[in-house]
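In case you want the letters, here they are:
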Amino acid sequence: MDSFGPNGFRDEPMQPNSYAPPLPGPVIPFATVPKTNTLAIVSLASSFFVGLVAVITGHIALGQIRARGELGRGFALAGLIIGYVHLAVTAFLVVLLIVFASAVGAFFVALNAGLASSTPTESPAPLPTGQLGAANFDGGYLEFGTGAVIVDEYVDLMCPFCAQFEKTNGELLAAGVESGVITLRVHSLTFLDRVSQGTNYSSRASAALTCQATLNPDQSLDYLSALFAEQPLEQTTGLSDSQLVDLASGAVSIADCVEAGEYQTWSQQNTETALTGPIAGAEVASIQGTPTVLVDGALYTGSNLDRSEFQAFVAAAFS
């Protein structure tokens, strides 16, 4: 029989799996923990290795921590302190190293100065003067003939274009000297020393030619022709001193003169004078290259391979 409660409802026992409303009371949310700032960790980690990185990231981290409410201020401060200490130590060591290097450098400078002052230096040999054989030392050239028309020939014995000019016009010039119509002045330059792999071939060959001009002047133009005929290629070591000697003919050997290196400095000085100028009586201020040929001061601008053109240019000087 059904039973009802005092309010007219049926009393039924609560089922064990039935829903029960939640108990009244405040709802407690889950609490969140602020994260640790990444740059603060970087600052601390880098402070042991790169102080500058630690200082930069530490300052940035402190700013981010204040703005975002993040953790890690202790890390950032530690990174800053260690970073600044690291920078200070590094700066001190750099200054110490500079001072030490300066002291060592000053010591060696003083040592070298003392050695230099205690060792007498030989003064360079004076340049030759006057005239010996065909060498006019004061004028800076080798002079052949006594003709009225003066031909100045500026050559470098390693210059291939000079060899072309000699092959084309060498006999013509020698004939002019022999007949007494021209005076040939050979200026042997040395600026192509730089293309002889450190042997200074141009200077050595020029000095050998000067040796021949002083000892065997009558055979000098033949020697000039032989030097061009046996001209070495640029960027090679050139002929040896013994080979230079073997090419020379005449009653007096040039071996001792060549071996002693006589006239190399004189040849180099002549080159400096020719390249800087001025050249007295010439229509050019200085020599810009080789071969350069002046006839009574007028510059020949024709072909190195056209003998008739050059012959006409010289002949015009007689009119």
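All figures in this text were calculated on a predicted structure; none of them were measured in a lab. (Residues numbered from 1 in each chain as written. Predicted model: local features only at pLDDT ≥ 70, side-chain atom pairs only at ≥ 80, totals over all residues. Heavy atoms only, no water.)

Asks: Help me understand the overall build of the protein chain in this model?
Replies: Helix and strand counts for the protein chain come out as 10 helices and seven strands. Taken over 319 residues, the protein chain has a buried fraction of 36%. For the protein chain, long-range pairs separated by at least 24 residues make up 69% of all intrachain contacts whose partners lie at least 6 apart in sequence. Total accessible area on the protein chain stands at roughly 19100 Å², and carbon and sulfur atoms take up 62% of it. (Helix = DSSP H or I, 4+ residues; strand = E, 2+ residues; numbered from the N terminus. Buried < 20%, exposed > 50% of the residue type's maximum accessible area, 1.4 Å probe, protein only. Contact = heavy atoms within 4.5 Å. Areas by Shrake-Rupley, 256 points an atom, 1.4 Å probe, with all protein chains shown as cover.)

Asks: Explain the state of the cysteines to me, please; I cannot follow it from the model alone.
Replies: Disulfides are covalent bonds that connect the sulfur atoms of two cysteines. One pass over the full model with this rule turns up one disulfide. Here C211 is linked by a disulfide to C257, with a sulfur-sulfur distance of 2.0 Å. Residues C211 and C257 share a disulfide whose torsion about the S-S bond is about -75°; that sign makes it left-handed. Placement of the pair is C211 in helix α5 (residues 201-215) and C257 in helix α8 (residues 255-259), with a sequence separation of 46 residues. Side by side, C211 and C257 carry an identical accessibility label, which is buried. (Disulfide = S-S within 2.5 Å.)

Asks: What's the story with the sheet that holds strand β2 (residues 135-136) in this structure? I'm lost.
Replies: Pairing is mixed across the open sheet formed by seven strands, whose spatial order is β1-β2-β3-β5-β4-β6-β7. Of all the strands in the sheet, just β1 (131-132) and β7 (298-299) have a single pairing partner and so form its edges. With respect to the sheet, helix α9 (residues 264-276) is in contact with β2, β3 (141-144), β4 (149-156) and β5 (182-189), its orientation differing from that of β5 by roughly 100°. (Pairing = 2+ DSSP bridges. Axes fitted to C-alpha atoms, helices over the stretch in contact; angles between N-to-C directions.)

Asks: Explain the packing of aromatic side chains to me, please; I cannot follow it from the model alone.
Replies: In this description, an aromatic ring pair is defined by two values, namely the gap between the centres and the angle between the planes. Following the criterion strictly, the structure yields five aromatic pairs and no others. Measuring from ring centre to ring centre gives 5.1 Å for F165 and F310, while their planes differ by 80°; the resulting arrangement is edge-to-face. With F165 in helix α4 (residues 160-179) and F310 in helix α10 (residues 307-315), this residue pair connects regions lying 145 residues apart in the sequence. The class of F310 is buried, set by a relative accessible area of 0%. Ring geometry for Y300 versus F310: centroids 5.1 Å apart, planes at 75°, classification edge-to-face. With Y300 in the loop between β7 and α10 and F310 in helix α10, the pair connects residues that are 10 residues apart, well separated along the chain. Residue Y300 is classed as buried on the basis of its relative accessible area, which comes to 9%. Members of the aromatic cluster, joined through ring pairs, are F165, Y300, F310 and F313. (Phe/Tyr/Trp six-rings, centres within 6.5 Å; stacked < 30°, edge-to-face > 60°.)

Asks: What is the right way to read α9 from this model?
Replies: Think of an α-helix as turning once every 3.6 residues; residues three or four places apart then point the same way. The terminal C-alpha atoms of α9, which comprises 13 residues, lie 19 Å apart, in line with the 18 Å expected from a rise of 1.5 Å per residue. Residues of α9 that are buried sit in contact with β2, β3, β4, β5 and α5. (Expected span 1.5 Å × (residues − 1).)

Asks: I keep staring at a nonpolar patch on the surface and nothing clicks. Help me out?
Replies: There is a patch of nonpolar side chains on the surface, built from V42, F48, F49, V50, L52, V53, I56, I60, Y84 and L87 and spanning about 930 Å² of accessible area. Mapped by element, the contributors of at least two residues to the nonpolar patch are α2 (51-68) and α3 (73-118). Considering each element in turn, the nonpolar patch owes the most residues, four residues, to α2. (Patch = residues over 30% accessible without salt bridge, like charges linked within 9 Å, V, L, I, M, F, W, Y side chains within 5 Å. Salt bridge = Lys/Arg side-chain N within 4 Å of Asp/Glu carboxyl O.)

Asks: Hey, could you run me through the nonpolar core in this one?
Replies: The tendency in soluble globular proteins is for nonpolar side chains to be buried as a group. If you look at the biggest cluster of nonpolar residues, it comprises 47 residues, and the most contacted ones within it are L142, L244 and F310. In terms of residue count, the dominant contributor to this core is α5 (seven residues). (Core = buried A, V, L, I, M, F, W, Y, C linked by side-chain atoms within 4.5 Å.)

Asks: When you look at the pattern of salt bridges in this model, what are you seeing that I'm missing?
Replies: It is possible for side chains bearing opposite charge to pair when their charged atoms get close. Using the criterion set out here, one finds four salt bridges in the structure. For D241, the salt bridge identified is with R204, shortest N-O distance 2.7 Å. Taken as a pair, D241 in helix α7 (residues 241-247) and R204 in helix α5 lie far apart in primary sequence, 37 residues in all. For D241, a relative accessible area of 31% gives the class partly exposed. Connected through shared salt-bridge partners, K35, R68 and E70 make up one network.

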